[in-house]
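Chain residues, written in single-letter form:
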Amino acid sequence: MEIYEMREFDGHELVVFGHDASTGLRAIVAVHSTVLGPAAGGCRMWPYTSTTAAVVDVLRLSRGMSYKNAMASLPFGGGKAVIIGDAPKEKTPELFAAFGRFVDSLGGRYITAEDVGTTTADMEAVARVTSYVSGLGRKPGEAGGDPAPKTALGVFLGLKAAVKFRLGRSDLDGLGVAVQGVGGVGYHLCRLLAAEGARLRVADVRAAAAQRVCDEFKAVTVPVESILSEDVDVLAPCALGAIFNADSTPRLRARVIAGAANNQLAEDKDGQALQLAGILYAPDYVINAGGIISVAREYYGGGTEAQVTAEIHQIPGRLTEIFERARRENRATHAVADQMARERLGRTDRKMVA
Ligand code: NAD
């Protein structure tokens, strides 16, 4: 595998492969940038079909964390970890302890937290062996805990800003929203949207997760294959990445995309295709920063939940600034956001890659 030559490498500072024979741990940590602070980003556990697929994912996610942390003005650089494995079947506290020792061996250059396939309980197992972890249980009123509801709040507020900008509406009453993936973030996003009268269509590969949202929030389930092309006002991707590509974009009917999933664009040109189609895309790493804002407050200590909430309320303003600049300069929103993030990272010299 030619890692340095990969398009996704993008000047990463560090890529480390970890293995623990007794637990079977196979994990990769990628540190994209520590210019703004120690690299922080969650740990994803996923049954990757190949090591190359895991490397590509961790590099894309890690760079996304650099951009996310920079745009949220957090004292963090960008990094990410992946554990190769099927979370429901292969997860054990011992595996996460081994992962924690791996993270500890990096001496604080990388700070971990939850992502797809990992939970607060897993991070507590990590915390028994290293202090370079956040997203742990906390007392009421204190900053921190499971980042997913915080991410959902930021997406909800950002979605409203995008709806205001593109559709000229300040309320969500009767607005059609399709949510792809109703796990940790998607579930809470549905709760917030339903409370303001949005009509929800949801899809999840786990039928029970979709059913729960239908029962609790009067959502309607649609097939996983058709959720992206539902005839709705807003599409909220809250599952995995690379979903907007040459195949899916021509079939989209929503006029706003505002969701939590990381790396929604398969490639840069897919952001341009959305712009040409008249679809307003809320850059993923700007709208989904709520969780890392909470993780940062928790990690550095002394913060309250109210402070976290106040910081999350800054997300819609950031997005509106990007939307306005994109309109003024007739550019795609992701290109404007990428440029702003890279300027903050001091990487203006490098060619941007998708
Ligand atoms: P999660 O694993 O709890 O939920 C993801 C859900 O998507 C699961 O229910 C899964 O069954 C479903 N899913 C997977 N593939 C699907 C498909 N093809 N169609 C429909 N459903 C599918 O993860 P999460 O924490 O809710 O994160 C969701 C997304 O948001 C991820 O891309 C994650 O990286 C991103 N994100 C999460 C956070 C956070 O705080 N958890 C923060 C920022 C970004």
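Computed from a predicted model, the values in this text were never measured in an experiment. (Residues numbered from 1 in each chain as written. Predicted model: local features only at pLDDT ≥ 70, side-chain atom pairs only at ≥ 80, totals over all residues. Heavy atoms only, no water.)

Chemist: Could you give an account of helix α8 (residues 268–276), naming the residues involved and the relevant values?
Modeler: Among all positions of α8, only D270, G271 and L274 are buried. Take α8 and look down its axis: the buried residues cluster within an arc of 105 degrees, on one side only. Among the exposed residues of α8, those oriented more than 90 degrees off its buried face are K269 and L276. Packing partners of the buried residues in α8 comprise β11 (256–257), β12 (280–281) and α13 (333–345). Looking one or two places after α8, you find G278, whose phi comes out positive at around 75 degrees. (Buried < 20%, exposed > 50% of the residue type's maximum accessible area, 1.4 Å probe, protein only. Helix = DSSP H or I, 4+ residues; strand = E, 2+ residues; numbered from the N terminus. Arc of directions from axis to C-beta. Contact = heavy atoms within 4.5 Å.)

Chemist: Give me the lowdown on the sheet that holds strand β7 (residues 176–180), citing residues and values where you can.
Modeler: Taken in spatial order, the 6 strands make up an open sheet running β9-β8-β7-β10-β11-β12, and their pairing is parallel. The outermost strands of the open sheet, each flanked by one partner alone, are β9 (220–221) and β12. As paired elements, β7 and strand β10 (residues 234–237) share 4 bridges and run parallel to each other. Each bridged residue has a counterpart across the sheet, and for V177 the counterpart in β10 is V234. (Pairing = 2+ DSSP bridges.)

Chemist: Go over the site of the ligand with me, naming the residues and quoting the values.
Modeler: Among the 23 residues in the neighbourhood of the ligand, the closest are listed as T151, D204, R206, A239 and N262. At 2.8 Å from an oxygen atom of the ligand is found a main-chain nitrogen or oxygen belonging to G184. Within the side chain of D204, one N or O atom sits 2.6 Å away from an oxygen atom of the ligand. When the ligand sits alone it has 820 Å² of accessible area, and the protein chains cover 85% of it. In this structure, the ligand is accommodated by the largest pocket. Of all elements in the fold, only α5 (148–167) and α6 (184–195) reach the threshold of two or more residues within the shell around the ligand. When its residues are assigned to classes, the shell around the ligand shows 11 nonpolar, 7 polar and 5 charged. For the shell around the ligand, the two domains that each supply at least three residues are domain 1 (3–127) and domain 2 (148–287 + 318–345). (Near = heavy atom within 4 Å. Polar contact = N/O pair within 3.5 Å; in protein donor to acceptor, adjacent residues only side chain to side chain. Areas by Shrake-Rupley, 256 points an atom, 1.4 Å probe, with all protein chains shown as cover. 1 Å grid on protein atoms, 1.4 Å probe; cavity = no way out; pocket = protein on both sides within 12 Å on 5 of 7 lines; lining within 4 Å. Sits in = over half its atoms within 2 Å of the grid points. Nonpolar A, V, L, I, M, F, W, Y, C, P; charged D, E, K, R; others polar. Domains from an automatic or database assignment.)

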